[in-house]
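Here's the letter readout for the chains.
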Amino acid sequence: MTGTETNSAGQQPKQKDTRNTGPGRLLIAVYAVFALSATARAGYQIATKFAEAPLAHILSAFAAVVYIIATVSLAKPGRTWFKVSLAAVLTELVGVLVVGAISLFDPVAFPHDTVWSLFGRGYGFVPLLLPILGLLWLNKRRPS
Amino acid sequence: MDGYFYALLIVGLVSTILCLVAGLMKKAPNDPTIYSVLAVEVVLLVYLVGSIVRVALGEQIAGEPWEFWGYMLTALIIPLGAVYWAILERTRWSNFVLAAVGVTVLVMGARMNQIWY
């Protein structure tokens, strides 16, 4: 991991209060793509067929907001943003597990797909993987 | 699936594999990986111009036109955003960011094809 890194060479220990470095940058990039696609999807669903399944579409919008908050907070330095990140990623984990389970056992309640339906199967299960990787990364970059 | 999709499929996959291998070899983004992502952008630009011409010549998009153009504009932003994000911090991880572009755009291209036909 070293050798090619040119930034922050002189000041290693004090720089720990950031998450937007190394693998964190990949994580933020993937979160950004999900924020974008979840927002677009929720916007499209609410604009065209909200009345068909209001709950599922409100959930889509909620997921989009969670992804946006996670993306922004992970990119920002400092303790406060760390806490925001933690809250967002935990919300996301609970969301994907609860919605995933409900959609599995009660498909009638969720006739319309959300990002989290069937544990994010429509998105290659990345929505399930993302909060786990997010928590691991947050743990590694915990502010001292 | 039309030629635009297959162009995205090939260029996208080559770009993803190239960036993935470079990342696994612990290399920072360099000319080959960055240009491979820019090649994806070029294919998208050709797709954009081709689609504008087809609509101008009277061809109808089967699905929602604004959904198609929404995908198109978003897809056009992704490679540029990823290159910008990658060169801000040039580590091996940025190559994985670049690797995500090819597959993401290719999935979007498949969806755009579905909307069009």
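Note that the structure is a prediction, hence the values are computed from the model and not measured. (Residues numbered from 1 in each chain as written. Chains lettered and ligands numbered in written order. Predicted model: local features only at pLDDT ≥ 70, side-chain atom pairs only at ≥ 80, totals over all residues.)

Caption draft 1: Focus on the overall build of chain A. Scanning chain A for helices and strands turns up 4 helices and 0 strands. Secondary structure elements of chain A occur, N-terminal to C-terminal, as α-α-α-α. Looking at chain A residue by residue over its 144 residues, the buried ones come to 36%. The long-range share in chain A, meaning contacts at least 24 apart out of those at least 6 apart in sequence, stands at 60%. (Helix = DSSP H or I, 4+ residues; strand = E, 2+ residues; numbered from the N terminus. Buried ≥ 20, exposed ≤ 12 C-beta atoms within 10 Å, placed from the backbone. Contact = placed C-beta atoms within 7 Å.)

Caption draft 2: Layout of the confidence of the model for chain A. Confidence in the prediction of chain A, expressed as mean pLDDT, is 85, and 86% of residues score 70 or more. Summarising per-element confidence for chain A, the mean pLDDT is lowest in helix H1 (residues 23-49) of chain A (89) and highest in helix H4 (residues 126-140) of chain A (94). (pLDDT = per-residue confidence, 0-100.)

Caption draft 3: Here's a closer look at the packing of H1 of chain A against H4 of chain A. Residues and elements named next belong to chain A. Put simply, H1 and H4 touch, their axes get as near as 11 Å, and they point 145° apart. When you trace H1 past H4, the crossing you get is left-handed. Within the contact between the two elements, H1 uses Pro23, Gly24, Leu27, Val30, Tyr31 and Phe34 and H4 uses Leu130, Leu133, Gly134 and Trp137. The class makeup of the residues in the contact of H1 with H4 is 8 nonpolar, 2 polar and no charged. (Axes fitted to C-alpha atoms, helices over the stretch in contact; angles between N-to-C directions. Left-handed = near helix turned anticlockwise from the far one by under 90°. Nonpolar A, V, L, I, M, F, W, Y, C, P; charged D, E, K, R; others polar.)

Caption draft 4: Summary view of the interface of chain B and chain A. Contacts between the two partners involve 17 residues from chain B, matched on the other side by 16 residues from chain A. Counting residues per element, the ones that place at least two in the side of chain B that touches chain A are helix H3 (65-88) and helix H4 (92-116) of chain B. Ranked by residues supplied to the side of chain B that touches chain A, first place goes to H4 of chain B with 7 residues. Class assignment for the residues of the side of chain B that touches chain A results in 7 nonpolar, 5 polar and 5 charged.

Caption draft 5: Broad picture of the nonpolar core. In this structure, Ala29, Val30, Tyr31 and Tyr67 of chain A together with Ala82 and Val97 of chain B are the most contacted members of the largest nonpolar core, which totals 57 residues. In terms of residue count, H1 of chain A provides more of this core than any other element does, 12 residues in total. Setting aside chain neighbours within four positions, we find Ala82 of chain B in contact with Ala29 of chain A together with Val37, Val97, Leu98 and Val101 of chain B. (Core = buried A, V, L, I, M, F, W, Y, C linked by C-beta atoms within 7 Å.)

Caption draft 6: Seen up close, H4 of chain A. Residues and elements named next belong to chain A. With 15 residues, H4 ought to run about 21 Å at 1.5 Å a step, and its terminal C-alpha atoms sit 21 Å apart, in line with that. By the burial criterion, the buried members of H4 are Pro127, Leu130, Pro131, Gly134, Trp137 and Leu138. Relative to the axis of H4, the buried residues are bounded by an arc of 130° and lie together on one face. Pointing more than 90 degrees away from the buried face of H4 are the exposed residues Leu136, Asn139 and Lys140. The elements touched by buried residues of H4 are H1, helix H2 (54-75) and helix H3 (79-105). (Expected span 1.5 Å × (residues − 1). Arc of directions from axis to C-beta.)

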